[in-house]
Amino acid sequence: MNQANSASSDSNAQKRASAERAFTEIEDGSILGVGTGSTVDMLIDMLVGQKRIQIAGAVSSSERSSAKLNAAGIEVLDLNSVGELDLYIDGADECDPQGRLIKGGGAALTREKIVATASKRFLCIIDDSKEVAQLGAFPLPIEVIPMARSLVGRAIVKLGGHPAWRQGVTSDNGNWIIDVHGLNYADPDRLESDINQIPGVVANGLFTQRRADAIITSGRWREPAAD
Ligand code: 5RP
């Protein structure tokens, strides 16, 4: 096995360990909030491959997860019809010691933020590579209304960032994604709010106001540190 293949098989094993630990938090008969990505795909496979826990349904954060849930015979419910959820499980692209996240590598950030915010508890499941001392090496995804792409880009430059349009990608909501490098994360809570103020921004991938309540990294559980 070459080095790249071995790193990716380590990462997959770590993601699987996190999904397995998160699986033990799911209650029989509950309605589960389901995130998006390869780690969540493993969790969905676990729900299907066992008989012990039968969830009553799921609220999904993407068409990708909905298709996988539907194929597994798990009913996908409209968030408007279920109210507050007890538990949301999702991956992340970066997680800092305080449980603040960068998400949106899979372009599902807006629905992910909605379902996370609608849930009492958000468990974040990641591999070792996602744990960072400070957010910001991963470019921050921002979902924008298409006509506002260049307007948002100019506003981001004024904030000190370097925007790149993720060409060829349309979100599940029919919008575009800008990935931003070089932002200053000294005050991530303020940065999340400032970006939200730009007209045309639908959501940004900083999860500081609705951060993770617990993080499972390669199967290891931890609570977020205080600010
Ligand atoms: C999708 C996300 C994912 O949670 C994030 O990209 C992590 O994905 P993976 O589990 O495949 O590493 O934010 O928008």
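Fair warning: this is a prediction, and the values are worked out from it, not measured in the lab. (Residues numbered from 1 in each chain as written. Predicted model: local features only at pLDDT ≥ 70, side-chain atom pairs only at ≥ 80, totals over all residues. Heavy atoms only, no water.)

Can you help me understand unusual backbone geometry in this one?
Glycine aside, the phi torsion of most residues is negative, and most peptide linkages are trans. A positive phi angle, close to 70°, is found at A107, a residue other than glycine. The exposure class of A107 is buried, given its relative accessible area of 11%. Of note, the phi angle at S218 is positive, near 50°, even though the residue is not glycine. Here S218 shows up in the loop between β12 (214–217) and β13 (220–222). (Buried < 20%, exposed > 50% of the residue type's maximum accessible area, 1.4 Å probe, protein only. Helix = DSSP H or I, 4+ residues; strand = E, 2+ residues; numbered from the N terminus.)

What is the right way to read the domain arrangement of the protein chain from this model?
Accessible area lost when the parts come together is the quantity often used to give the size of an interface. The domains assigned to the protein chain are domain 1 (3–133 + 209–219) and domain 2 (140–205). With 15 residues of domain 1 in contact, the opposing surface of domain 2 contributes 19 residues. Both sides of the domain 1 and domain 2 interface together cover about 1400 Å² of buried area, and 47% of this is carbon and sulfur. A per-residue breakdown of the area domain 1 buries against domain 2 is headed by L109, K113 and Q209, which together make up 39% of the total. Connecting domain 1 to domain 2 are 1 salt bridge. The salt bridge partner of E192 is K113, with a shortest N-O separation of 2.8 Å. Between domain 1 and domain 2 we count 12 residue pairs in polar contact (both at pLDDT 80 or more) in total. Elements supplying a minimum of two residues to the side of domain 1 that touches domain 2: β5 (101–102) and α5 (109–117). (Domains from an automatic or database assignment. Contact = heavy atoms within 4.5 Å. Buried area = accessible area lost by both parts, 1.4 Å probe. Salt bridge = Lys/Arg side-chain N within 4 Å of Asp/Glu carboxyl O. Polar contact = N/O pair within 3.5 Å; in protein donor to acceptor, adjacent residues only side chain to side chain.)

For this particular structure, what's the right way to read the sheet that holds strand β11 (residues 206–207)?
Within a sheet, neighbouring strands are paired by backbone hydrogen bonds and run either parallel or antiparallel to one another. Pairing within the open sheet is antiparallel, and its 3 strands lie in the order β4-β5-β11. Unpaired on one side and paired on the other, β4 (94–95) and β11 mark the two borders of the sheet. Direction of pairing for β5 relative to β11: antiparallel, over a ladder of 2 bridges. Residue pairing in the sheet places L101 in a bridge with F207 of β11. (Pairing = 2+ DSSP bridges.)

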